[in-house]
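Structural characterization, general
Here's the letter readout for the chains.
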Amino acid sequence: MPSSAAAALSGRVLRDTEAYGKHLFHRYPAGRTLHVHLGLYGRFTDGTGEPPPPLGEVRLRMTTRKHWLDLRGPAACEVLDPAQVDALVARLGPDPLRDDADPDRAYARIRRSNKPLAALLLDQSVVAGPGVIYVTEVLFRAGLPPTTPGRSLDPEAWQDIWTDLVELMREGVERGRIDTVHSRHTPEAMGRPPRVDRHGGEVYVYRRAGQSCLVCGGAVRTGILAGRNSYWCTTCQPD
DNA sequence: GATCTATGTAGAT
DNA sequence: TCTACCTAGATCG
């Protein structure tokens, strides 16, 4: 954070916090808002007692009498005024984790696009929040390949995907990890050992290229879509 | 110890 | 479509 931004917040008391998609907002007095986006590498660490000496580049440190919180590697850590916050939120699609989300707004974008569904769902101006794990897994659960053109998605299929995103992401917040493996499709039920992603969650196809599908046993396929790794099962997600 | 990779996105080409 | 950004854990040799 530039020193001017640090000066704007240093010593101030945090009033409120809010998340919109992958963006975190901390509200401070006088309309000042700290905006944090973790990007690919950003990470918070926290603890109790005296904060440790800063290790590496600490972009933000928050403290109370009992707790401390450090932020390293974020894509964004900046102070915005209300107009800048409004502009940022205005370019985001509906967030499945928010009560004010309007899934019809996302579907209007999807149904008039020929782009692959995976690319559309990763586009934060279409849907705000889901990353490549949720998008990969929700498409598996829907039985649709990531290459499905947005235009071909019917309203019922979109409703199912949206509902699934809401449920999976709420569960992710509660558990602090991404689990997408449905009870009736558990690896245990399929007679195979559970596969825990290195991020700590159980998933069907994400980063499982070449391994066997947990549901049908076929090989999980991988490819690059919209610049991101994509994974799917050609049997469970037929064209 | 060096190199690779990645829950992402903005900006250049 | 490509590249840079930036950090840390995984993987390689």
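Placed above this text is the structure.
I will try to describe carefully the structure that is included in this document.

**Notes on the nonpolar core**
Across soluble globular proteins, nonpolar side chains show a tendency to be buried alongside one another. Counting residues in hydrophobic clusters, the biggest one holds 38 residues, and the most contacted among them are Ile-110, Leu-117, Leu-121, Leu-139, Leu-153, Trp-158 and Ile-161. Within the residue set of this core, elements represented by two or more residues are helix 3 (103–111), helix 4 (117–122), helix 5 (132–142), helix 6 (155–175), strand 8 (220–225) and strand 9 (228–233). In terms of nonpolar packing, the next biggest core, distinct from the first, is built from 8 residues, Leu-9, Tyr-28, Val-36 and Leu-71 among them.

**Quick look at the packing of aromatic side chains**
Each pair of aromatic rings is reported with the distance of its centres and the angle of its planes. Considering all chains together, one arrives at 4 aromatic pairs under this definition. With a centroid separation of 5.7 Å and 80° between ring planes, the pair formed by Tyr-206 and Tyr-231 is classed as edge-to-face. With a gap of 25 residues between them, Tyr-206 in the loop between helix 6 and strand 8 and Tyr-231 in strand 9 connect regions that are remote in the sequence. Of the two residues, Tyr-206 and Tyr-231, both sit in the buried class. Pairwise contacts between aromatic rings join Tyr-107, Trp-158 and Trp-162 into one cluster.

**Observations regarding the environment of Arg-151**
Here Arg-151 is to be found in the loop between helix 5 and helix 6. In this structure, the C-alpha to C-alpha distance between Arg-151 and Tyr-20, residues 131 residues apart in sequence, is 26 Å.

**Overview of the state of the cysteines**
Tallied over the full model, the rule gives 0 disulfides. Cys-236 provides the cysteine sulfur closest to Cys-213, a residue in no disulfide bond, and the two sulfurs are 3.7 Å apart. A relative accessible area of 1% places Cys-213 in the buried class.

**Examining unusual backbone geometry**
You will see that Arg-207, though not glycine, has its phi angle at about 60°, which is positive. Tracing the backbone shows Arg-207 in the loop between helix 6 and strand 8. Look at Arg-207 and you get partly exposed, because its relative accessible area is 35%. For Ala-226, which is not glycine, the phi dihedral falls at a positive 55°. On the secondary structure map, Ala-226 appears in the loop between strand 8 and strand 9. We classify Ala-226 as exposed; its relative accessible area is 59%.

Conventions adopted
Residues numbered from 1 in each chain as written. Chains lettered and ligands numbered in written order. Predicted model: local features only at pLDDT ≥ 70, side-chain atom pairs only at ≥ 80, totals over all residues. Heavy atoms only, no water. Core = buried A, V, L, I, M, F, W, Y, C linked by side-chain atoms within 4.5 Å. Buried < 20%, exposed > 50% of the residue type's maximum accessible area, 1.4 Å probe, protein only. Helix = DSSP H or I, 4+ residues; strand = E, 2+ residues; numbered from the N terminus. Phe/Tyr/Trp six-rings, centres within 6.5 Å; stacked < 30°, edge-to-face > 60°. Disulfide = S-S within 2.5 Å.

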